[in-house]
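Coordinates in review
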Amino acid sequence: MSSNSFAYNEQSGGGEAAELGQEATSTISPSGAFGLFSSDWKKNEDLKQMLESNKDSAKLDAMKRIVGMIAKGKNASELFPAVVKNVASKNIEIKKLVYVYLVRYAEEQQDLALLSISTFQRALKDPNQLIRASALRVLSSIRVPIIVPIMMLAIKEASADLSPYVRKNAAHAIQKLYSLDPEQKEMLIEVIEKLLKDKSTLVAGSVVMAFEEVCPDRIDLIHRNYRKLCNLLVDVEEWGQVVIIHMLTRYARTQFVSPWREDDGLEDNEKNFYDSEDEEKEKSDKKRPYTMDPDHRLLIRNTKPLLQSRNAAVVMAVAQLYWHISPKSEAGVISKSLVRLLRSNREVQYIVLQNIATMSIQRKGMFEPYLKSFYVRSTDPTMIKTLKLEILTNLANEANISTLLREFQTYVKSQDKQFAAATIQTIGRCATSIAEVADTCLNGLVCLLSNRDEIVVAESVVVIKKLLQMQPAQHGEIIKHMAKLLDSITVPVARASILWLIGENCERVPKIAPDVLRKTAKSFTNEDDLVKLQILNLGAKLYLTNSKQTKLLTQYILNLGKYDQNYDIRDRTRFIRQLIVPNEKSGALSKYAKKIFLAQKPAPLLESPFKDRDHFQLGTLSHTLNIKASGYLELSNWPEVAPDPSVRNVEVIESAKEWTPVGKTKKEIPVKKFYSESEEEDEEEEEESSDSSDSESGSGSESGDTGSSSEDSSEDSSSGQESETGSEADVECKRASQRSSKTKRKSDSEDGEKKNEKSKASESSSAESSSMGESSSGSESASESDGEPAPRKVTQAKERKPQQERHPPSKDVFLLDLDDFNSASTPVALPPPALSPSLVADLEGLNLSASSSVINVSTPVFVPTKTHELLHRMSGKGLAAQYCFPRQPCIFGDKMVSVQITLNNTSDRKIENIHIGEKKLPVGMQMHVFHPIDSLEPERSITVSVGIDFCDSTQTACFQLCTKDDCFNVNIQPPVGELLLPVAMSEKDFKKERACLCLTSAQQNQEHSLG
């Protein structure tokens, strides 16, 4: 029978009954009519057989059905032994479902789970990240203290896992381990500190939750990760966003000064009008204008987009953050998002309305534009209606009170009596807060006294009683009218209110008060305790003011109260008797009995029940319950002086500072070892000239830079010299070129012809470059460019050794030596020295002058729009900088690459004197800086151009971007493609140049083989 059942389930998938975790009862139970009432062991027996099967398909089907049972809330704990046997299955799908089951029941079946703990440990090293994470979850779900060391080791290993999903589960396991063994706190804090540095958005929310559970007071762990958390916040999952926002709210209240200080300025000036000048100076120093910390602004700015989140919890978290830490002028942005949440289900509405009710007490202006959104709908539950009434009352003012009173008139007629009573209380509060409508509200409430509904009448009486306390002398007729209602009203609170009013105004209604006392004395024994107390008070007041008519009646009531069942009434009776009835035992208080009972009572204050909730953080359980819940973390007060903001500086800035001198020393050492003393002297002269040109450009004159650019364009040998002094790779290239030059011997006539061609080309290029220099900086640069090439040739002659005296100064030709065939003044950017030394030697001596008439420099076909970050806004204290390569000719020099820098002021203050400071450039590299910028207004940007000669290499140009107060180390590294120049040539010329290249390469290889 069982085998048939198994075969049926395997073939048909179990049928409809199998989907519910039941077997096909038609194959087991003898009667189909009783299949639904089969015992549990029969249902689970089928699943147990499938789990013990040798087929993975049957096991997988059984696990799917079991997980389905768990999802529907059914108990599947009896299957634990059968399921745990498959924990070592090789099928990944089965193993995943087994771990899902074990996570659910490992805590209940701890002994059986411990038997498989070795399997869990092996699974922690499984190649599949889901298996590793599931194993950690199961291990942390076994709540047995004996495996705490194993859990601790597993969490440490998982925290260093390559998968962010596994690290996320490690953060979840931290909380479970801490609740199991709080003594592991210090070790867990180390893991939390490590995970807080994680850059994955998947881990951020989980580790912050672990931080909040284990060590919420360790704010020092957040300092260096604060900016990262703010920037990652938008990409974190919704649950993590809520946790991070609440944590950052507490952090901000401890690290930043209050943005609300400006509101107290007028009061202080009025109080200290007569202070001395010294005191005024001291206080003026204290009252410096408030400047928001950039990190404070970063948090407010990065959380604003989350107001558009589809998750109500995220929106509520951002709203409470703005409420607690943002300037009051900026908190209004949350109102629209909160009103949007009122379209959600009633549970969300309840929480949101509670928070709006608290906000609307202090800042009415935030929600006044959305007044109609709080109108009550007939479909709203009572709790929502009451909260909307509360908000409408808080938003009431002289401008909208007439509209609200018409709305309240409709609410009073509601069938929901509790809501109608709340509306009457709301009308009373409006009357007390807005004096202009007090009489109107009072008359309306008096009209409600004739309502058929007893609850409405009773609530009206209570509210009228409170209103009459404010102006008792003007409303004697209303008191008489209410006395007549005493016979028909049965609600104890209303009857007690009427009796209290008559007692307080017994002298104004001397004919009605004794009659009321007479009527209530008859029903004294049947009255509610609250009414009995007011009857005793009324009798005492009448005894003191009108003892002739009420003396005996009061004594009768006191005798009834003496034997009442309630001890409060008996106690009050004895107190009143000794106080008002004179006898031998009466004390000194009897003389003041009238003053005690008929003293002027202060008018009651009708306040909002949400007035005292503002000391709780919005959106928390404590705020909802108005009681401090367990685990609630209070918001601290703003510090008087902000702590040191440098603790939040990231390590990237420090590493940049350390890198600059190290890189420089590495590039200087091989140059000193390689060159001779004479060469070093020449290099020093060149460095001094380049430094002087830099200083001239920094002071505002561009003549030095334009002159140096014309010098570089006058002859290609200068580029060879600069490339040699730039890096070690260039040194190797030069050695190879020297070896190749020794083997190449040519006639003197050919050398003379080449010299003539060379001089012509150099003269034409220098003339054009000098003309460009005149347009930008004057004739001075032109004269310098004409006189400069001579010493550069001498330097190259020394490098080529005496054998090269028969040859002209050789030059390094990198694929295309553009100055040989193009006389146009264009920026020449040669390829970087990424070529091998042998290929450089092969290209040595290649002359392209013959094709100068057909090869032209073309405009770039494609100019990328991508920008690179030069200075982050947080590192630059509000100043952000990006740079790009426009691929346009550089106006500062032919050898320079044009770089456009966009400066943006993201702070709320003006940034002054933006300029280039100290330059730490490699040897031979030159840079033309932009003119200093006097000031940059907030939220404004400006684009400037600089020119950099990278010496045909991808070396980094390091310099300082400075403002009036600070200097920031930045660097620019060019991609290889930005150092090339687009050239157009015909196919014939291309093949010709390629043939020359191949021929030269073959000759070089032959010479190397002979050598």
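Predicted model, so just to flag it, every value in this text is computed and none were measured.

It is worth spelling out unusual backbone geometry at this point. Phi at R887 takes a positive value of approximately 60 degrees, unusual for a residue other than glycine. Along the chain, R887 turns up in the loop between strand 3 (879-884) and strand 4 (897-905). A positive phi angle, near 55 degrees, is found at N913, a position not held by glycine.

Residue position: N397 is located in the loop between helix 22 (382-395) and helix 23 (401-412). A polar contact is formed between the side chain of N397 and the side chain of E368, at a distance of 3.1 Å. With near-sequence residues (within four places) excluded, N397 lies in contact with E368 and I434.

Interhelical geometry of helix 24 (residues 417-433) versus helix 26 (residues 454-468) gives an angle of 20 degrees and a closest axis separation of 9 Å. What the angle tells us is that helix 24 and helix 26 run roughly parallel. Where helix 24 crosses over helix 26, the two elements pack in a sense that is right-handed. Across the interface between the two elements, K417, A420, A421, I424, Q425, G428, A431 and T432 from helix 24 touch I455, V456, E459, S460, V463 and L467 from helix 26. Of the residues belonging to the contact of helix 24 with helix 26, the class tally is eight nonpolar, four polar and two charged.

The next subject is the sheet that holds strand 5 (residues 911-920). If you trace the four strands from one edge of the open sheet to the other, you get 7-5-9-10, paired in antiparallel fashion. Lying at the two open borders of the sheet, with one neighbouring strand each, are strand 7 (933-936) and strand 10 (967-972). If you compare each strand with its neighbour and ignore which way they point, the axes differ by 35 degrees on average. Where strand 9 (residues 957-962) meets strand 10, six bridges bridge the pair, whose relative direction is antiparallel.

We now examine the nonpolar core. If you look at the biggest cluster of nonpolar residues, it comprises 192 residues, and the most contacted ones within it are I66, Y101, L102, L338 and F374. Tallying contributions element by element places helix 19 (residues 312-325) first for this core, with ten residues. Once you skip the residues sitting within four places of it in the chain, L102 turns out to touch F80, V84, V87, F120 and V138. The next biggest cluster of nonpolar side chains, apart from the first, holds 32 residues, and it includes V897, I911, I933 and V944.

Attention now moves to the environment of G539. By the element assignment, G539 lies in helix 30 (residues 529-545). G539 sits in the buried class, given a relative accessible area of 2%. Remark: the alpha-carbon pair of G539 and A513, spanning 26 residues in sequence, is separated by 9.5 Å. In this structure, G539 is in contact with L517 and T554, ignoring residues within four places of it in sequence.

What follows deals with the packing of helix 23 against helix 24. For the pair helix 23 and helix 24, the least separation of the axes is 9 Å and the interaxial angle reads 155 degrees. Here helix 24 runs roughly antiparallel to helix 23, going by the angle between their axes. The interaxial crossing formed by helix 23 with helix 24 has left-handed handedness. Every residue of helix 24 that contacts helix 23 at I401, F408, Y411 and V412 is listed here: F419, A420, T423, I424, T426, I427 and C430. When grouped by side-chain class, the residues that make up the contact of helix 23 with helix 24 number nine nonpolar, two polar and no charged.

Chain-level statistics for the protein chain give a pLDDT mean of 75 and a share of 70% at 70 or above. Residue range residues 653-681 is modelled with pLDDT below 50. Its contacts to residues more than four positions away, or to other chains, number 25 contacts. Counting interchain partners and residues more than four positions distant, the pLDDT-below-50 stretch residues 683-734 has 119 contacts.

On to the packing of aromatic side chains. Think of a pair of aromatic rings as described by two things: how far the centres are apart, and how the planes are tilted against each other in angle. For the structure on display, the rule yields eleven aromatic pairs. Aromatic side chains Y99 and F120 sit 6.1 Å apart centroid to centroid with 55 degrees between the ring planes, which places their arrangement in the tilted category. Remark: F120 occurs in helix 8 (residues 117-123) and Y99 occurs in helix 6 (residues 92-105); sequence separation between them is 21 residues. Note on accessibility: Y99 and F120 belong to one class, buried. With centroids separated by 6.1 Å and ring planes inclined at 50 degrees, the aromatic side chains of F408 and Y411 adopt a geometry described as tilted.

Together, L589, Y592 and I596 line one region of the surface with nonpolar side chains, adding up to about 300 Å² of accessible area. For Y592, the location among the structural elements is in the loop between helix 32 (567-580) and helix 33 (593-597).

Its location among the elements puts K90 in the loop between helix 5 (80-84) and helix 6. Taking the C-alpha atoms as reference, K90 lies 9.4 Å from D56; in sequence the two are 34 residues apart.

Let's shift gears to the side chain of R132. Here R132 shows up in helix 9 (residues 129-141). Assessed through its relative accessible area of 12%, R132 is described here as buried. Polar contacts involving the side chain of R132 include one to the main-chain carbonyl oxygen of D126, which spans 2.8 Å. Among residues more than four places away in sequence, those in contact with R132 are A123, L124, K125, D126, P127, D161, S163 and V166.

Cut-off values and rules
Residues numbered from 1 in each chain as written. Predicted model: local features only at pLDDT ≥ 70, side-chain atom pairs only at ≥ 80, totals over all residues. Heavy atoms only, no water. Helix = DSSP H or I, 4+ residues; strand = E, 2+ residues; numbered from the N terminus. Polar contact = N/O pair within 3.5 Å; in protein donor to acceptor, adjacent residues only side chain to side chain. Contact = heavy atoms within 4.5 Å. Axes fitted to C-alpha atoms, helices over the stretch in contact; angles between N-to-C directions. Parallel < 35°, antiparallel > 145°, perpendicular 65-115°, else oblique. Left-handed = near helix turned anticlockwise from the far one by under 90°. Nonpolar A, V, L, I, M, F, W, Y, C, P; charged D, E, K, R; others polar. Pairing = 2+ DSSP bridges. Core = buried A, V, L, I, M, F, W, Y, C linked by side-chain atoms within 4.5 Å. Buried < 20%, exposed > 50% of the residue type's maximum accessible area, 1.4 Å probe, protein only. pLDDT = per-residue confidence, 0-100. Phe/Tyr/Trp six-rings, centres within 6.5 Å; stacked < 30°, edge-to-face > 60°. Patch = residues over 30% accessible without salt bridge, like charges linked within 9 Å, V, L, I, M, F, W, Y side chains within 5 Å. Areas by Shrake-Rupley, 256 points an atom, 1.4 Å probe, with all protein chains shown as cover. Salt bridge = Lys/Arg side-chain N within 4 Å of Asp/Glu carboxyl O.

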